[in-house]
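# Coordinate analysis (summary)
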Amino acid sequence: MERQRVVERGEKAGVSSSSNGGGEVDVVVEMMDVIEAVGLYVGYRRTQRKECLNLARRLKLLLPLLEEIKEIGNYKLVSSEGLKTSLDNLKKALLGAKKLLKKCSCGSKIYLAMESEAVMSSFHAVYEKLNQALDDLPYDELGISVEVKEQVELTRMQLKRAKKRSDTQDIELAMDLMVVFSKKDDRNADSAILERLAIKLELHAIPDLKAEEIAVRKLVKERGVQNAESMQQINDLLGKFKQIAGVDETIVLDGPFSSKSLQRCRSLLIPHEFLCPITLEIMVDPVIVATGQTYERESIQKWLNSNHRTCPKTGQTLGHLSLASNFALRNLIQEWCEKNNYELPKKDACLGSDGVSAELKEEISSLVQNLSSCEFEVRREAIKKIRMLAKENPDNRILIANYGGIPPLVQLLSYQDPNIQEHTVTALLNLSIDETNKKLVAREGAIPAIVKILQHGTNEARENSAAALFSLSMLDENKVLIGASNGIRPLVHLLQNGTIRGKKDAATALFNLSLNQTNKSRAIKAGIIPALLHLLEEKNLGMIDEALSIFLLLASHPEGRNEIGKLSFIKTLVEIIRNGTPKNKECALSVLLQLGLHNSSIILAALQYGVYEHLVELTKSGTNRAQRKANSILQHMNGYMQARRRLLLKRSYQANGS
């Protein structure tokens, strides 16, 4: 209760103070309340967590200053109009900091990740306002103690340093968001990307998804029709996260008075044990899983169909996947509904026990049969339809595989018609988003046929073949199989000569495949290093980060280090460290460190190209990752130079001794 009162008092700390002699003291108390309230915020979003914790810590350092001002008393404060202005400015800066921290504690996780650069700019603006307000305070007039002045000066130095630094989110998160929100790519993002995003954004548990939905609704209400496209992107991504978690529910962005919202308000009156833990809706057909927990049949079936083998509520692995009807609970729910005049939602009579309509099952069964039709048009239309169904949702991918759609599709990869090949490889790409289907597609012998289409197919077929190989290569055994099927060389060729989309597809596939040591050697022999160097030089392609990420993998291989050493690569790295984006610099530093640890002459070459001063600068103003890498390189350089000096001294002593 005491914590709640503190928060409430801090929330009200924007009310104007009275104009009497004690007004300034009221302002000081309000500022102390703001800092105390900020200390109670928890659950900062992962994308801004470190920055939030640092800012909250710096605000606490200001409490001794405010306590001293408060203790001085009113008789000194009323004599200075300038002091009142200074305190008001500091109060505004603190309120701005509090508002930002509150957004990073309660706001939409997806939005904060999307707008990470804009949020970082907001942090910099807060640092600037705090620093300016602290600079304007008349410390001598206030009689502030030396110790407190030193602490304030330390805080100001930290704020200045933080403003110079521009932390970025990790490269993997940025690339995953780019793939998911890509307008040019009409294919679904691989399920592995979506699951990785859900984990990074901490949106994989059902309670977190429910909280995110509330945050998204609030965001839409606040922003109105502004940035409607961004709001729709957030809505779509949240929907995909819900599908992964087994919650098949569309989010309606029509404000707080939609029928869905009203239905949820009614659900607040329903006994908690009558609500499905997944959807939080009243259960019509409750069933018991192996752990003893009860769920709505349709909801838990969707969860299981998405290849989950754990209990959503407890997280325990399910000993079996059988569902037992909970007749006792169903009777209790029906009795409660009759007593309270509550009408249960009507179940679609066409839906089976697995939540899939009989009509859809019949359609997919018919399409799979048509894949073997003697009529060209019937076969082609079946492939196109399966391609679209596999793109639409996870349930369709599972159904198509269960009805035996993968073997005939793999056979059709060898059909001598470019159009058929293009649709077939894209259908298999969409089906391979499902983890189980990845194994089935490879087991049916699809990989060698996909490699052939990658070599000889149409532009779109080649691009989608590269994307399919990337999807399949998520499994380690498929990485080996793709490499053994000569899939590396045509991917390198696409990286060199493809469209921008083709280059990106090839780069992602090659990155994944190069996690395998044998494939690194294959890629180097196929000429990947000159192709990657070309990507670094062609800045308009926007693929510097992708190229450097692959270079980093190759730099851990002896053949890769030798090949890189034959090129003017070090000069290019130093140029990126000097003029690249923060992400570029992080990647370039990582590659230089990896190379330098194995070959000291590379460190010497980098020094000759003037890298030293840029490394020193990055240790002060780079991102956290860049600072760590730059410090590691400098330490390695110092060790190298000391070793050289010892060697020269030893030779000198030997020469003098002789």
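Everything quoted here is computed from the prediction, not taken from an experiment.

Along helix H31 (residues 544–554), ten of the eleven residues are buried, which leaves the element largely enclosed by surrounding structure. Taken together, the buried positions of H31 are Ile544, Asp545, Glu546, Ala547, Leu548, Ser549, Ile550, Phe551, Leu553 and Leu554.

Right, let's get into the packing of aromatic side chains. Across all of its chains, the model carries four aromatic pairs by this definition. Between Phe274 and Trp336, the aromatic rings sit 6.1 Å apart at their centres with planes inclined by 75°, giving edge-to-face as the arrangement. Of this pair, Phe274 sits in the loop between helix H15 (259–267) and strand S1 (286–288) while Trp336 sits in helix H17 (residues 327–339), and the two are 62 residues apart along the sequence. Take Phe274: its relative accessible area is 7%, and that puts it in the buried class. Owing to a relative accessible area of 18%, Trp336 belongs among the buried residues under this scheme. Ring centres 4.3 Å apart and planes at 35° place the aromatic pair Phe551 and Phe569 in the tilted group. With Phe551 in helix H31 and Phe569 in helix H33 (residues 569–579), this residue pair connects regions lying 18 residues apart in the sequence. You can call Phe569 buried: its relative accessible area is 0%. Stacked on the ring of Tyr127, the Lys or Arg Arg58 has its end atom at 5.9 Å from the ring centre.

Attention now moves to the side chain of Arg387. Tracing the sequence through the fold places Arg387 in helix H19 (residues 376–392). Once you skip the residues sitting within four places of it in the chain, Arg387 turns out to touch His423, Thr426, Ala427, Asn430, Glu460 and Asn464.

This brings us to the confidence of the model for the chain. Of the residues in the chain, 83% have a pLDDT of 70 or more, and the chain-wide mean is 80. Across residues 183–187, where pLDDT falls below 50, the model places twelve contacts with residues more than four positions away in sequence or in other chains. Note that residues 250–268 has pLDDT below 50 and, in this model, 31 contacts with residues that lie over four places away or in other chains.

Turning our eyes to something else, we now look at the nonpolar core. Within soluble globular proteins, side chains that are nonpolar tend to cluster in buried spots. Formed by 141 residues in total, the largest nonpolar core has its most connected members in Ile528 and Phe569. Among the nonpolar cores identified, the runner-up in size contains 43 residues, and Met31, Met32, Ile35 and Leu66 belong to it.

Turning our attention to the sheet that holds strand S2 (residues 294–296). Across the sheet, which stays open at both edges, the three strands sit in the order S2-S1-S3 with antiparallel pairing between neighbours. The two strands at the open ends of the sheet, each matched to only one other strand, are S2 and strand S3 (324–325). Across two bridges, the pairing between S1 and S3 is antiparallel. Across the sheet, residue Ile288 finds its bridge partner in S3, namely Ala324. Sitting on the sheet, helix H16 (residues 297–305) is in contact with S1, S2 and S3, with an inclination near 95° to S2.

This part covers the pattern of salt bridges. Evaluated as defined, the whole model comprises 19 salt bridges. Put simply, Glu30 and Lys91 hold a salt bridge, and the shortest N to O gap is 2.9 Å. You can see Glu30 sitting in helix H2 (residues 23–38) and its partner Lys91 sitting in helix H6 (residues 81–106), a full 61 residues away along the chain. Across the pair, Lys91 and Glu30 agree in class, each one buried. When the shortest N-O distance is used, the salt bridge between Lys385 and Glu363 registers 3.8 Å. Here the residue Lys385 occupies a position in helix H19, and Glu363 occupies one in helix H18 (residues 358–370), the gap between them amounting to 22 residues. On the basis of relative accessibility, which here comes to 36%, the residue Lys385 falls in the partly exposed class. Relative accessible area serves as the criterion here: at 31%, Glu363 is assigned to the partly exposed category.

About the criteria used
- Residues numbered from 1 in each chain as written.
- Predicted model: local features only at pLDDT ≥ 70, side-chain atom pairs only at ≥ 80, totals over all residues.
- Heavy atoms only, no water.
- Buried < 20%, exposed > 50% of the residue type's maximum accessible area, 1.4 Å probe, protein only.
- Helix = DSSP H or I, 4+ residues; strand = E, 2+ residues; numbered from the N terminus.
- Phe/Tyr/Trp six-rings, centres within 6.5 Å; stacked < 30°, edge-to-face > 60°.
- Lys NZ or Arg CZ within 6 Å of the ring centre and 35° of its normal.
- Contact = heavy atoms within 4.5 Å.
- pLDDT = per-residue confidence, 0-100.
- Core = buried A, V, L, I, M, F, W, Y, C linked by side-chain atoms within 4.5 Å.
- Pairing = 2+ DSSP bridges.
- Axes fitted to C-alpha atoms, helices over the stretch in contact; angles between N-to-C directions.
- Salt bridge = Lys/Arg side-chain N within 4 Å of Asp/Glu carboxyl O.

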